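A structural walkthrough
Chain residues, written in single-letter form:
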Protein chains: 2
Amino acid sequence: MNPELHFITLATEDLDAARAFYRDGLGWEPLLDVPGEIIFFQVAPGLSLGFFDAEKFAEDLNHRVAITRVSGVTLSHNVGSREAVATTIDRLASLGVTVLKAPQEGAFGGIYHGHVRDPNGIVWEIAHNPGWRIDEAGNVLFG
Amino acid sequence: MNPELHFITLATEDLDAARAFYRDGLGWEPLLDVPGEIIFFQVAPGLSLGFFDAEKFAEDLNHRVAITRVSGVTLSHNVGSREAVATTIDRLASLGVTVLKAPQEGAFGGIYHGHVRDPNGIVWEIAHNPGWRIDEAGNVLFG
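Just so it is clear, the structure is predicted and the values come from calculations on it, not from any experiment. (Residues numbered from 1 in each chain as written. Chains lettered and ligands numbered in written order. Predicted model: local features only at pLDDT ≥ 70, side-chain atom pairs only at ≥ 80, totals over all residues. Heavy atoms only, no water.)

**A few points about the sheet that holds strand β5 (residues 73-78) of chain B**
The strand order across the open sheet built from eight strands is β2(A)-β3(A)-β4(A)-β1(A)-β5(B)-β8(B)-β7(B)-β6(B), with neighbouring strands paired in mixed fashion. Among the strands making up the open sheet, the edge pair consists of β2 (32-34) of chain A together with β6 (98-105) of chain B. Within the sheet, the average angular offset between the axes of one strand and its neighbour, ignoring direction, is 20°. As defined by bridge partners, β5(B) adjoins strand β8 (residues 123-128) of chain B across five bridges and the pair is classed as parallel. Looking at β8(B), one finds that B:Leu75 is bridged to B:Trp124. With respect to the sheet, helix α1 (residues 15-25) of chain A is in contact with β1 (7-12), β2, β3 (38-44) and β4 (47-53) of chain A, its orientation differing from that of β3(A) by roughly 30°. (Pairing = 2+ DSSP bridges. Helix = DSSP H or I, 4+ residues; strand = E, 2+ residues; numbered from the N terminus. Axes fitted to C-alpha atoms, helices over the stretch in contact; angles between N-to-C directions. Contact = heavy atoms within 4.5 Å.)

Below, the structure is given as C-alpha cells:
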C-alpha cells in the first residue's frame, strides 16, 4: 500500500498534560519534544502524532481557523485480549484520566472496548478486536 | 517499532461530502464503505482513517461527548516536490475545497506547504518536507 497520512497534529492548550498522558500514562517515548511548542510520538510505521501548542497551531494557519478544543476525534489502540483492555484503562484511570465508557461489548464488529478522554479532549478507544488484523505487508483486513 | 495507533475516527455531519473529498478529491479507494454510517480508508500500514456519522459517533460513546464539529486537527500528506504541493492543492481547489493557506515556505523545519479544509472542518496540510524521511523499517527520521 501507499501511505497517504504522515502526520496527525492536534492543537493542545496544555502541552505538559499531553506529555504526561502519553509518556507516563501510555508509556510512549517522544520522537521529538520541544517544550512549549510541540511533542511528536511515532504511532505507526511512517506516522507521527504531534501535539502542538494551540497558539502556535493557530499562528501556523495565519489564524484562519478558530481553535478552542479538539472535538469529534477518536483514536484507537487495539490490544491483544479483553483483559488487556481492562488493564490499560485501569492504569489510565489510576492517573486521574476520565473514563467515558467502561470496558464492554461494542455495538459494531464484535469488539470489546472502553473509552477514556485525554487531557486535550481526544477520545481514546482501547479495544480488543478479533475481527481485525494487519497482514505482513501492513494491509488492514476486517472479518 | 511497535504501532500504537490503529484507527482514527472522526465524527462527520456529512458523510457524502467526506466520501467525495477523499475518494474523488484525493483519489483514495475506501477500505469499507457503509452508506449512512461509516467510511474507512487505509492511510498507512495497519492504520485506518474512518468518518463516522456524527449521531452514531455520539451513540457509540453513550452521548457522553458533545460533538458539534471536528476542530483542532491537522492531518498531513507529504508529497515529493514543491510542484506536487501546488498541483494537489490546485486539484482540491478546483473541486470547491477551501484553501486556508496557499503554498509557501513553512515556519518550521524547512518545509514548503499549503493547507486546505475538508468538508468536515479537518485541516489538511499538503507538504514537501526534505528534512523528513521514513527508513525501510518504517522509522520516522527528522533532519
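Continuing now.
**Details of the relation of the copies chain A and chain B**
For the match of chain A to chain B, the screw axis carries a shift of 0.0 Å, the RMSD comes to 0.0 Å, and the turn is 180°. Given the turn and translation reported, the copies of this chain are related as if by a two-fold rotation axis. No C-alpha of chain A approaches the rotation axis more nearly than that of A:Ser71, which lies at 2.8 Å. Taken as a fraction of all interface residues of chain A, those also at the interface in chain B reach 100%, which identifies the copy contact as same-surface. (Least-squares fit on C-alpha atoms with pLDDT ≥ 70 in both.)

**A closer look at the environment of B:Gln42**
Of note, B:Gln42 is situated in strand β3 (residues 38-44). Residue class for B:Gln42 comes out buried when judged on its relative accessible area of 14%. Distance from B:Gln42 to B:Tyr22, taken between C-alpha atoms, is 11 Å for residues 20 residues apart in sequence. Separated by 2.8 Å, the side chain of B:Gln42 and the backbone oxygen of A:Gly138 make a polar contact. Separated by 3.0 Å, the side chain of B:Gln42 and the backbone nitrogen of A:Val140 make a polar contact. (Buried < 20%, exposed > 50% of the residue type's maximum accessible area, 1.4 Å probe, protein only. Polar contact = N/O pair within 3.5 Å; in protein donor to acceptor, adjacent residues only side chain to side chain.)

**Some points on the sheet that holds strand β8 (residues 123-128) of chain A**
Judged by pairing direction, the sheet is mixed, and its eight strands sit side by side in the order β6(A)-β7(A)-β8(A)-β5(A)-β1(B)-β4(B)-β3(B)-β2(B) without closing on themselves. Strands with a single pairing partner mark the edges of an open sheet, and in this sheet they are β6 (98-105) of chain A together with β2 (32-34) of chain B. Neighbour-to-neighbour, the strand axes of the sheet open up by a mean angle of 20°, direction not taken into account. Where β2(B) lies against β3(B), three bridges are found, and the strand directions are antiparallel. Across the sheet, B:Leu32 pairs through a bridge with B:Phe40, a residue of β3(B). Contacts from helix α3 (residues 82-94) of chain A reach β6, β7 (112-117) and β8 of chain A within the one sheet, and its direction differs from that of β7(A) by about 15°.

**A short note on the confidence of the model for chain A**
Scored by pLDDT, chain A has a mean of 85; 95% of the residues are at 70 or more. Scored as a whole, the predicted complex attains pTM 0.82, and scored at its interfaces, ipTM 0.80. (pLDDT = per-residue confidence, 0-100.)

**Section: the packing of aromatic side chains**
Residues and elements named next belong to chain A. Within the structure shown, the criterion is met by 26 aromatic pairs over all chains. With a centroid separation of 5.5 Å and an interplanar angle of 65°, the aromatic rings of Phe-7 and Phe-40 are classed as edge-to-face. With Phe-7 in strand β1 and Phe-40 in strand β3, the pair connects residues that are 33 residues apart, well separated along the chain. Feature note: the residues Phe-21, Tyr-22, Trp-28, Phe-41, Phe-51 and Trp-124 constitute an aromatic cluster, connected by ring pairs. (Phe/Tyr/Trp six-rings, centres within 6.5 Å; stacked < 30°, edge-to-face > 60°.)

**Quick notes on helix α3 (residues 82-94) of chain B**
All names here are of chain B. Taking 1.5 Å per residue as the helical rise, α3 with its 13 residues ought to reach 18 Å, and the 19 Å between its terminal C-alpha atoms agrees with that figure. Among all positions of α3, only Val-85, Thr-88, Ile-89 and Leu-92 are buried. Taken around the axis of α3, the buried residues stretch over an arc of 95°, which confines them to a single face. Exposed residues lying more than 90 degrees from the buried face of α3 are Glu-83, Asp-90 and Ser-94. Packing partners of the buried residues in α3 comprise α1 (15-25), β6, β7 (112-117) and β8. One or two steps after α3, the chain reaches Gly-96, where phi turns positive at roughly 95°. (Expected span 1.5 Å × (residues − 1). Arc of directions from axis to C-beta.)

**Observations concerning the pattern of salt bridges**
Residue and element names in this part refer to chain A. Taken as a whole, this structure holds eight salt bridges over all chains when the rule is applied. When the shortest N-O distance is used, the salt bridge between Arg-19 and Asp-16 registers 2.7 Å. Note that Arg-19 and Asp-16 are positioned in helix α1 at a spacing of three residues, about one turn of the helix. The shortest N-O distance in the salt bridge between Arg-19 and Asp-33 comes to 2.8 Å. One end of the pair, Arg-19, is in helix α1; the other, Asp-33, is in strand β2, with 14 residues separating them in the sequence. (Salt bridge = Lys/Arg side-chain N within 4 Å of Asp/Glu carboxyl O.)

**Points about a nonpolar patch on the surface**
There is a patch of nonpolar side chains on the surface, built from A:Leu31, A:Leu32 and B:Phe142 and spanning about 210 Å² of accessible area. Within the secondary structure, A:Leu32 is located in strand β2. On the accessibility criterion, A:Leu32 (34% relative accessible area) is partly exposed. (Patch = residues over 30% accessible without salt bridge, like charges linked within 9 Å, V, L, I, M, F, W, Y side chains within 5 Å. Areas by Shrake-Rupley, 256 points an atom, 1.4 Å probe, with all protein chains shown as cover.)

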